[in-house]
Every structure is written in C-alpha cells, then in structure tokens.
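Okay, here's what each chain looks like letter by letter:
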Amino acid sequence: MTRPDPALAHGWCALTALHGRIEAHIERALQAEHELSVREFSVLDVLSEQHDGDGGHFRMNQLADAVVLSQSATTRLVTRLEDRGLLARYLCPTDRRGIYTNVTPAGLDLLAQARPTNDTALAEALTTAETRPELAPLVATVRAMSRQASS
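Quick caveat, the model's predicted, so the values are computed rather than measured. (Residues numbered from 1 in each chain as written. Predicted model: local features only at pLDDT ≥ 70, side-chain atom pairs only at ≥ 80, totals over all residues. Heavy atoms only, no water.)

A.B. asks: Would you take a moment to explain the packing of helix 1 (residues 6-34) against helix 5 (residues 105-130) for this structure?
C.D. replies: The geometry of a pair of packed helices is captured by two quantities: the angle between their axes and the separation between those axes. Packing of helix 1 against helix 5 brings their axes to within 9 Å, and their N-to-C directions diverge by 145°. In this structure, the crossing between helix 1 and helix 5 has a hand that is right-handed. Side by side, helix 1 and helix 5 meet where Leu18, Ile22, His25, Ile26, Ala29, Leu30, Glu33 and His34 of the first sit next to Leu110, Gln113, Ala114, Thr117, Asn118, Ala121, Leu122, Glu124, Ala125, Leu126 and Ala129 of the second. Along the lines of polarity and charge, the residues of the contact of helix 1 with helix 5 split into twelve nonpolar, five polar and two charged. (Axes fitted to C-alpha atoms, helices over the stretch in contact; angles between N-to-C directions. Helix = DSSP H or I, 4+ residues; strand = E, 2+ residues; numbered from the N terminus. Left-handed = near helix turned anticlockwise from the far one by under 90°. Contact = heavy atoms within 4.5 Å. Nonpolar A, V, L, I, M, F, W, Y, C, P; charged D, E, K, R; others polar.)

A.B. asks: It is not clear to me how helix 4 (residues 71-83) should be interpreted in this structure. Could you clarify?
C.D. replies: An α-helical turn contains 3.6 residues, so any two residues separated by three or four positions project in the same direction. For helix 4, built from 13 residues, the straight-helix expectation of 18 Å at 1.5 Å per residue is met to within 8% by its first-to-last C-alpha distance of 18 Å. Within helix 4, burial applies to Ala73, Thr74, Leu77, Val78 and Leu81. Buried residues of helix 4, viewed axially, fall in a sector of 135°; they line one side. Immediately beyond the C-terminal end of helix 4, within one or two residues, lies Gly85, with a positive phi of roughly 80°. (Expected span 1.5 Å × (residues − 1). Buried < 20%, exposed > 50% of the residue type's maximum accessible area, 1.4 Å probe, protein only. Arc of directions from axis to C-beta.)

A.B. asks: How should I be thinking about the nonpolar core in this particular structure?
C.D. replies: Side chains that are nonpolar tend, in soluble globular proteins, to be buried together. With 31 residues, the main nonpolar core has Leu30, Leu36, Val43, Leu44, Leu63, Leu81 and Leu87 as its most contacted residues. Looking at this core, the elements with two or more residues in it are helix 1, helix 2 (38-48), helix 3 (60-67), helix 4 and helix 5. Broken down by element, the residue count for this core peaks at seven residues, all from helix 5. In this structure, Leu30 is in contact with Glu35, Leu36, Ser37, Val38, Phe41, Ala114, Thr117 and Asn118, ignoring residues within four places of it in sequence. (Core = buried A, V, L, I, M, F, W, Y, C linked by side-chain atoms within 4.5 Å.)

A.B. asks: What is the right way to look at the packing of aromatic side chains in this model?
C.D. replies: In this description, a pair of aromatic rings is defined by centroid distance and the angle of the planes. Tallied over the full model, the rule gives one aromatic pair. Measuring from ring centre to ring centre gives 5.7 Å for Tyr90 and Tyr100, while their planes differ by 55°; the resulting arrangement is tilted. You can see Tyr90 sitting in strand 1 (residues 87-91) and its partner Tyr100 sitting in strand 2 (residues 99-103), a full ten residues away along the chain. Of the residues examined, Tyr90 reaches a relative accessible area of 28% and is grouped as partly exposed. (Phe/Tyr/Trp six-rings, centres within 6.5 Å; stacked < 30°, edge-to-face > 60°.)

And the structure:
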C-alpha cells in the first residue's frame, strides 16, 4: 500500500517540531525570568488587548479559543492567575450569565516585563531552528508573515 502524499505528513511533522522547539525555548525563558508559563503569558497578552467597544471583552470560551486550550483548562489557568493577583473576574453588565476577566495592574506590570523576554526567546528559537534544513522554510514563512503584519 502506498502513501498518497508523504510530503504532507513530513511537512506536518516539521511544523510540529518547529512549534515544540519554539514553545520549549520560550517556556524556559519565561519561567526563569518571570515565573510564567507560555500559556499564562498568552492569557495575559490576549486579555491585555481587550477594549470597551463591541466584542472588546472575551468570555471564557472565547479566551479558550484564543489561547488554544480547552474551556476547563482555561478556567483552571485563569483561576491560578487570579490567585496570584494577575487577573480579576467580573460579571458581564448586560448578561449576568457571562463572566469576563481583566488583567490587573500587577498583571499588566508583569506582562510588560515579560514581553521582551518572550520576544528575545522567540527570535533565538527561530534563529536556531533556521539552521535545520527541514525547519528553515517554515522559519522563512514565519519571518515573512511578521514582516507583512508590520507593514
């Protein structure tokens, strides 16, 4: 039996390898410098972008989608960050069933301190991955997307 498209599987393996390498490198840096996990950083980062306009606040299910976690894992993560004083939850003023989460001033301070660490670790991980022939095309794509987004 022949495989229909082994290149597709190889591409997927390369993509997951790149993601795993980047995430592990950033995780080590954030933990060492700020006692934050990558997921905690992501939650703080996403919630820091909230605004008062239409759709400006995330419900827990929207936050879960944004940080690519299950709703229960997101709730546990938010609870841990809330226990550390980095997040605060409140009821939606127009729908008492909805619960929103805001980043506290302490959370915003930690996020501001952690962003340069995250950015440096990301750049380092990409530079290292770029030396691997199977990952270099993916790194080039990530860099091109970054340039396009900042244009």
